[in-house]
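# Observations on the model geometry
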Amino acid sequence: MTPPATPDPDLQRALSDPGFTPGRRHFAALIEMLETAGEPAELAERALRRAGGAALPAALERAAGAAPALRAPLTRLVGKLMAAAPLDPEVSDRARDYLLACLGDDDRRTRRMAAVALGKPRAADAGRSLVEQALADAARSERSPDVRRALVDALGKVGGSAALDALAELGGDDIAGVRARAELLARRTLTRGEPSEIAGDRAPERPLRVAVRCRRGLEAILAEELAALDAGAAGGALVPELRSEPCGGTRVEAVLSGRLDALFGARTMLSFAFPLPLRKLDQGADLAAAVAERLLSREAREILRRFTLGAIRYRIDWAGGGKRRAAVFRAAAAVEAEAPELVNDPTQSTWDVVVYEGAGRVRVELAPRLPDPRFAYRRGDVPAASHPTIAAALARIAGVRGDDVVWDPFVGSGLELCERALLGPYRRLVGSDRDPRALQIARENLDAAGARGAELLQRDAHGPPPPGEAPTLILTNPPLGRRVERTGDLDAMLDRFVEGAARALAPGGRMVWISPFPERTEAIARRSGLRPEALLRVDMGGFDAQIQSFHKEALRPRASHDRRDHPPAGRGGRGPQQAELRGEQHRPHRQEQRHHHRDDDPEPTRAIRRHVGDQADAVGRPEGRGRRRG
């Protein structure tokens, strides 16, 4: 049947625009187009789905009395529109009742579309017990193989005891595979009423190796943070090691003896997990079987039971990407057969089972989903805001001096200043930005972080520094070209900024920032009187940039004996006041109650310089990473 001519001559042209969202006046014409085959029907359905719940009443009204050729695509559309939110409860109930009625339709395609739609979460939630029973009754009487498979699949997704009873009754080789998967899903649904959480305040029964990961390039700083954690605790300090392998990638590994949540004292950390012993994977071997074998190992069960309160729920993630649904199902089925207390549940999991492959081996890590308390001060963000672990790394490299006057000329959402405030004392904290909205968000974040006395000014980063004392530390992450600045003159803008920052810094001051053009900005800094202290190439989330730490020479006495005892830098001597990179340990509030927080230590740790220098030897030396110049 050819759809009737539409009174809107522009509709056909509008459908070719992927951003076109139809209004109510278009719904009737678009619904009639669903009866045609090919591209016009596909474009019409996509447009109606973009309209969301607003199109659902029109679809339900047209479905009443529609011919089979239109009922099947309309039934599919109703199911997809039910996923829209929010929906009026009355309309949602009407849609559910329509789909339930379609389970008994004379048209096979309509029955199948109704079964598929009722297996979706929003449709099932609109009266779960009613939907479950209707699907079970329909599955018992259905004779069409493809409709039976759709009904069995929907029963598994809806779950419940009635679904399991119906699945147990159904036989036939044509549904054996889908039925096994449906039973697994239904049993998983039944366990969701049980609580499940990670016990972060527990220590392992025996010391356990833990793999800790961060942004590429920050491994040495992360290792320093881990080495400082729980140094005075009964279990002893973590002893971090930089590791890099084809199967497992680059990470920092340590042995954990104390509380699990103590790891959140490492502010540059992205994630942590317990690695299970490597398993050789022969050519042609089943990866799913290898994953199941690791999950069922004694080591895995000890870890899962020790740190889980309630039901043990997990999801399988592939480090190389992809879903691999068939492999996940085979692994989950094998695990359930031997250990039914381990429940594969991708939506409500408390553990991520992360699978790495490489060099003929498989590596499985158990990553607990424990709430991260470190960056709770974040009340808002701005475009191109720093990742908080990057901000933490910048602050740690800059170190703590109690008399610091800290200035962030590109303050954005203020994360660098927040992290510097959390590290230890300062004299003054100032941020500036030309965007008033950014300043408002920065104020909220700084207040939440407890950054006392922080000042925020609306001004351009190329202008003069804030009035008052000259900054002793410029700490910032500028808007990088691939994220914000797209005018083509970012390099020149950053050149001017480096020159101005060098003039603004107090003698003996430091500048720690991120540069997308490391060689260029380093050369500008040197010409402007700044000496590089650390240069660290870092993954910024899709592209590389370099953390650069510069030092401005301090003013020196003019007495002749001073000149004789302290030869000037650059002529065979180092200068009398060469600065070291310093970093102070920061722990979450609850850890500060248990450990001495050495904010006022006159000799903060100098391990950052050592780790930055040693990192390349430990994990390989890609160009630009871990260099030190002076």
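Residues numbered from 1 in each chain as written. Predicted model: local features only at pLDDT ≥ 70, side-chain atom pairs only at ≥ 80, totals over all residues. Heavy atoms only, no water.

## Digging into the overall build of the protein chain
A tally of regular secondary structure across the protein chain gives 24 helices and 18 strands. For the protein chain, buried positions account for 54% of its 630 residues. Restricting the contact set of the protein chain to residue pairs at least 6 apart, pairs at least 24 apart contribute 71%. Of the roughly 28,000 Å² that the protein chain leaves accessible, carbon and sulfur atoms contribute 49%. (Helix = DSSP H or I, 4+ residues; strand = E, 2+ residues; numbered from the N terminus. Buried < 20%, exposed > 50% of the residue type's maximum accessible area, 1.4 Å probe, protein only. Contact = heavy atoms within 4.5 Å. Areas by Shrake-Rupley, 256 points an atom, 1.4 Å probe, with all protein chains shown as cover.)

## Some points on the packing of aromatic side chains
Summed over all chains, the structure comprises 5 aromatic pairs. An angle of 85° between the planes, with centres 6.3 Å apart, marks the rings of Phe375 and Tyr377 as edge-to-face. Relative accessible area serves as the criterion here: at 13%, Phe375 is assigned to the buried category. Through successive ring pairs, a cluster of aromatic residues spans Phe410, Phe497 and Trp513. One residue, Arg324, lies across the ring of Trp318, its end atom 4.7 Å from the ring centre. (Phe/Tyr/Trp six-rings, centres within 6.5 Å; stacked < 30°, edge-to-face > 60°. Lys NZ or Arg CZ within 6 Å of the ring centre and 35° of its normal.)

## Focus on the packing of helix 5 (residues 68-81) against helix 7 (residues 108-118)
The N-to-C vectors of helix 5 and helix 7 enclose an angle of 5°; their axes lie 8 Å apart at closest approach. Relative to helix 7, the element helix 5 lies roughly parallel. Where helix 5 abuts helix 7, its residues Pro68, Arg71, Ala72, Thr75, Arg76 and Gly79 lie against Arg109, Thr110, Met113, Ala114 and Ala117. Here the residues of the contact of helix 5 with helix 7 are counted per class, giving 5 nonpolar, 3 polar and 3 charged. (Axes fitted to C-alpha atoms, helices over the stretch in contact; angles between N-to-C directions. Parallel < 35°, antiparallel > 145°, perpendicular 65-115°, else oblique. Nonpolar A, V, L, I, M, F, W, Y, C, P; charged D, E, K, R; others polar.)

## Re the pattern of salt bridges
One pass over the full model with this rule turns up 52 salt bridges. Asp372 is the salt-bridge partner of Arg374, the closest N and O atoms lying 2.8 Å from each other. Relative accessible area serves as the criterion here: at 5%, Arg374 is assigned to the buried category. Using a relative accessible area of 39% as the deciding quantity, one classes Asp372 as partly exposed. Overlapping salt bridges, with partners in common, bring together Arg209, Arg213, Glu241, Arg243, Glu245, Arg251, Glu253, Arg363 and Glu365 in one network. (Salt bridge = Lys/Arg side-chain N within 4 Å of Asp/Glu carboxyl O.)

## Examining the confidence of the model for the protein chain
Residue-level pLDDT values for the protein chain average 83, and 83% of them are 70 or greater. Contacts for the low-pLDDT stretch residues 481-486, under 50 throughout, to residues beyond four places or in other chains number 17 contacts. (pLDDT = per-residue confidence, 0-100.)

## Observations regarding the pairing of strand 8 (residues 312-318)
The buried count for strand 8 comes to 5 of 7 residues, which makes it a mostly enclosed element. Pairing of strand 8 with strand 9 (residues 342-344), which is carried by 3 bridges, proceeds in the parallel orientation. For Arg313, the partnering residue across the bridge sits in strand 9 and is Val343. Note on the crossover from strand 8 through helix 16 (residues 325-338) to strand 9: the handedness is right-handed. With 5 bridges connecting them, strand 8 and strand 10 (residues 351-358) associate as parallel partners. For Trp318, the partnering residue across the bridge sits in strand 10 and is Val355. (Pairing = 2+ DSSP bridges. Right-handed = clockwise from strand over helix to strand, strands pointing away.)

## Focus on the pairing of strand 5 (residues 271-275)
The buried fraction of strand 5 amounts to 4 of the 5 residues, a majority that puts the element mostly inside the structure. Of the pairings in the sheet, the one linking strand 5 to strand 11 (residues 361-368) comprises 2 bridges and is antiparallel in character. In the sheet register, Phe274 faces strand 11, and the bridge partner there is Leu366.

## As for the nonpolar core
Judged by nonpolar contacts, the single largest core of 93 residues is most densely connected at Trp351 and Ile547. Ranked by residue count, the leading element in this core is helix 17 (residues 388-398), at 7 residues. When near neighbours in sequence (up to four residues on either side) are disregarded, Ile547 contacts Leu218, Ala393, Leu394, Ile397, Val512, Trp513, Ile514, Ala534, Leu535, Leu536 and Val538. Among the nonpolar cores identified, the runner-up in size contains 58 residues, and Leu48, Leu56, Leu103 and Ala138 belong to it. (Core = buried A, V, L, I, M, F, W, Y, C linked by side-chain atoms within 4.5 Å.)

## Some points on the environment of Pro340
If you trace the backbone, Pro340 turns up in the loop between helix 16 and strand 9. In the structure, Pro340 is positioned 28 residues away from Ile312 in sequence and 9.8 Å away in space, judged by C-alpha atoms.

## Side note on the sheet that holds strand 18 (residues 544-552)
Reading across from one edge, 14-13-12-15-16-18-17 is the order of the 7 strands in this open sheet, with mixed pairing throughout. If you trace the sheet from one side to the other, it starts and ends with strand 14 (455-458) and strand 17 (530-539), each paired once. Averaged over all adjacent pairs, the angle separating strand axes in this sheet is 20°, with direction ignored. Of the strand pairs in this sheet, strand 16 (residues 510-515) and strand 18 are connected by 6 bridges, and their pairing is antiparallel. Directly across from Ser515, in strand 18, lies its bridge partner Gln546. Of the strands in this sheet, strand 15 (473-476), strand 16, strand 17 and strand 18 touch helix 17, which is tilted by about 150° from strand 16. This element, helix 19 (residues 436-449), spans strand 13 (428-433) and strand 14 of the sheet and lies at about 175° to strand 14.

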